[in-house]
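Understanding the architecture of this molecule
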Amino acid sequence: MNLFDFIKSNLPIADVIGEYVTLRATGTYLKGSCPFHSEKTGSFTVSPHRDIFYCFGCHESGDVIGFIAKLENCTQIEAAKLLTERYNLQPPEELLKEVQSAASIDKKKRYFLLCELVAQWCQESLKRSPQALEYLKNRGFDEETITRYSIGYFPGGHKGIKSLIAYIQSEHFLATDLIQANIFQEGKTLYSPFEERIIFPIQDNIGQFCGFGGRIFLPHDDRAKYYNSKESPFFIKGSILFGLDIAKRSIQKQNAVILVEGYTDCIALNQYGHKNSVATLGTACTPEHLAILARYADQIYMLYDGDAAGQKAIVRLTENCWNVNIELKVVSLPNREDPASFLVQGGSLKPLIDQASGIIDFFIQHSSENFAQKTLKQKLETVEKIIEIIRYIPDRLKRDMVLQETAQALNVPFDTLVKELASANTQQRSIKQVPYEQKIDVPYIWTIEDKLFSALILLFETVDIEKYSYAIELLNAPLKDILLLLIDKKKKNKQLKFTEFWSGLDKNDQQEVSKRVVRFNQDALKEDFEFIINKFGKKHWKNIIINAKQHIKEAQEANDSRRVKELLKNIQTLKIKFIDTDYSN
Ligand SMILES: [Zn+2]
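Below or above, wherever it landed, is the structure these notes cover. (Residues numbered from 1 in each chain as written. Predicted model: local features only at pLDDT ≥ 70, side-chain atom pairs only at ≥ 80, totals over all residues. Heavy atoms only, no water.)

Another aspect to go through is the packing of helix H27 (residues 541-557) against helix H28 (residues 561-580). It is the contact of H27 with H28, at a shortest axis distance of 9 Å, that shows an interaxial angle of 170°. On the basis of the axis angle, H27 is roughly antiparallel to H28. Here H27 contributes Trp541, Ile544, Ile545, Ala548, His551, Ile552, Ala555 and Gln556 to the contact with H28, which in turn contributes Arg563, Val564, Leu567, Leu568, Ile571, Leu574, Lys575, Phe578 and Ile579. Tallied by class, residues from the contact of H27 with H28 come to 13 nonpolar, two polar and two charged. (Axes fitted to C-alpha atoms, helices over the stretch in contact; angles between N-to-C directions. Helix = DSSP H or I, 4+ residues; strand = E, 2+ residues; numbered from the N terminus. Parallel < 35°, antiparallel > 145°, perpendicular 65-115°, else oblique. Contact = heavy atoms within 4.5 Å. Nonpolar A, V, L, I, M, F, W, Y, C, P; charged D, E, K, R; others polar.)

Quick look at the structure:
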């Protein structure tokens, strides 16, 4: 057994992938939104029985190690190391040697560890600062929330800097590491832009500390209200959602997520019982954010500050939402309040969530506000903008309904809008691609050949598949070659297991196997095996005979009379099975 086998046999693939994608059981396999391509249909499938995944959209496939390697953008050996550490696996000593060469992942891990230490230090500093504690209390954060989000305080002055340097020495970090991590900066002396700020550590979707947000709180502090960690290869704001690690389970359970723009709002929402809340890092929501959330839930509720910037952000988002399989609704807060202050003042979110409007409706309402008072030029621009959005609605009926609504809201004839839309479509079609993925209901039609192949691949541990060589040689490449290889390997190793065989295939062959294996039910194939063989045999009978004659001829030429006899007997048996016996009776 090597390290990869050890990991795979100790770690159910669905548990690992389930951390990144909400998987739903469909028959014997699990299904979800693909993390490797943007899609509207859930094409991503996982076979918990065979420990592999396959995407019918982008054809990505692999085992649990391949999944992590692809997602974390690291090598297989690095992924193996990540998994052993993350899931506390205890591989035998001799297997561990394999991971020692995984150097580049170490750099990333070291960065996360450093951030974790800084977060711990800030938490401890908070306990010693009555002023910072008082501020958090006044803002309505309770102790449980402070602990849950690891909220801390970064003390100011040289003493603080020295204390942090001493703290990180326990893990052999130096001040230069803090400079590289953008936590310290070099001026005349070392200082940190986080000094005298409340610290909100940022964790990625699997809980690794990867950055910080700092908020001023002292009276008369006239620096920028927020300071966030700078972007780096290990901290990319456009792909991180604050609080996702904490909210993940609730999001999956409720199949819905509440999205806000600031981490303080997210924390307040959580404290007030909305455990499925996440935040972008003070930036607008990107298509990548949407794609990440679409892996966990079908529904996003966006809470936005009623100000103009918030509205603009949502309008921009409307253009992106067609590419992901998630429904966006906008929750409008009354009186231009922000989510945190609304909750602290006793506001209840539930009725607002129930009344949330779809993002398109919101967009039209917003665009048509004060339409009558606009100048002609502004009116034309508004219509153009709305038409541009409506163009992206994939469903025709929905498109017409939205047009109807727009006509009413703007008091413009419906037919005029239809004409506008048609002309926008002809103008754009040649340049732009269809902006949404076509929904394909039947991506694959499984043939009897697919079924036979899958049955043999899934049952080879218990069935002597060499007996079916006459059928295998009639399959097309690469299916035929894969099965011939399997027969060969099985001869050399009677104990051969599926995972071992699968791991030894090249990438293309792995895909061919995966996409069939994830879709077919092993028990059903076992039950239907005779039926499948029979159907295949009847369909290909002519060619079975042609091949058999050829083999017999070869055996005769080699003067192998025993072989000739055996072949004749075989073909006789098959004839009885496929031709003389009528199974329909
Ligand atoms: Zn995919």
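What follows deals with the packing of aromatic side chains. Within the structure shown, the criterion is met by 25 aromatic pairs. A ring pair is formed by Trp121 and Phe154, whose centres lie 5.0 Å apart and whose planes are at 80°; its orientation type is edge-to-face. Taken as a pair, Trp121 in helix H6 (residues 104-127) and Phe154 in strand S6 (residues 152-154) lie far apart in primary sequence, 33 residues in all. Note on accessibility: Trp121 and Phe154 belong to one class, buried. Relative to Tyr263, the ring of Phe242 lies with its centre 5.5 Å away and its plane at 50°, an arrangement referred to as tilted. A residue pair is termed long-range when its members are at least 10 positions apart, and Phe242 in the loop between strand S11 (226-228) and helix H11 (244-254) and Tyr263 in helix H12 (residues 263-271) qualify at 21 residues. Both residues of the pair, Phe242 and Tyr263, count as buried. (Phe/Tyr/Trp six-rings, centres within 6.5 Å; stacked < 30°, edge-to-face > 60°. Buried < 20%, exposed > 50% of the residue type's maximum accessible area, 1.4 Å probe, protein only.)

What follows covers the sheet that holds strand S14 (residues 299-304). Ordered in space as S13-S12-S14-S15-S16, the five strands form an open sheet in which the pairing is mixed. Every interior strand has two partners, whereas the edge strands, strand S13 (277-279) and strand S16 (357-358), have only one. Bridge analysis of S14 against strand S15 (residues 327-332) gives six bridges, and the strand direction is parallel. Pairing of Gln299 across the sheet is with Glu327, part of S15. Strands in contact with H11 are strand S12 (256-260) and S13; relative to S13, the strand with the most contacts, it is inclined by about 135°. (Pairing = 2+ DSSP bridges.)

In this section: the coordination of the zinc ion. Here the zinc ion is held by Cys34 (SG), His37 (ND1), Cys55 (SG) and Cys58 (SG), and the distances to it run 2.0 to 2.3 Å. For the zinc ion, the four donor atoms in the first shell make angles of 102 to 117° at the metal, so the coordination geometry reads as tetrahedral. All donors of the zinc ion come from a single chain, and their spacing in sequence reads C-x2-H-x17-C-x2-C. Highlighted residues: His37 in the loop between strand S2 (29-32) and strand S3 (44-47) and Cys55 in strand S4 (residues 52-55), separated in sequence by 18 residues. Accessibility assignment for this pair places His37 and Cys55 in one class, buried. (Donors = N, O, S within 2.8 Å, 3.2 Å for Na, K, Ca; no water. Tetrahedral: all angles 85-135°; square planar, octahedral: opposite > 155°, others 65-115°.)

What follows concerns helix H25 (residues 507-517). Of all the eleven residues making up H25, eight are buried; the element is thus mostly covered by neighbouring parts of the structure. For H25, the set of buried residues is Asp509, Gln510, Glu512, Val513, Ser514, Lys515, Arg516 and Val517. For H25, the secondary structure elements touched by its buried residues are S3, S4, strand S5 (61-62), helix H21 (448-459), helix H23 (479-492) and helix H24 (498-503). N-cap assignment for H25: the residue whose side-chain oxygen lies 3.1 Å from the backbone N of Asn508 is Asp506. (Polar contact = N/O pair within 3.5 Å; in protein donor to acceptor, adjacent residues only side chain to side chain.)

Time to look at the pattern of salt bridges. Within this structure, the stated rule accounts for 22 salt bridges. A salt bridge links Glu72 to Lys108; its shortest N-O distance comes to 3.7 Å. Within this pair, whereas Glu72 is found in the loop between helix H3 (64-71) and helix H4 (76-86), its partner Lys108 is found in helix H6, the two being separated by 36 residues in sequence. Note on Glu72: relative accessible area 13%, which makes it buried. (Salt bridge = Lys/Arg side-chain N within 4 Å of Asp/Glu carboxyl O.)

Time to look at the environment of Asp338. Within the fold, Asp338 resides in the loop between S15 and helix H15 (339-344). Of the residues examined, Asp338 reaches a relative accessible area of 29% and is grouped as partly exposed. Distance in space between the C-alpha atoms of Asp338 and Leu458 is 56 Å, their sequence separation being 120 residues. For Asp338, the side chain forms a polar contact with the main-chain nitrogen of Ser341, separated by 3.0 Å.

By themselves, these observations are geometric and do not establish any function.
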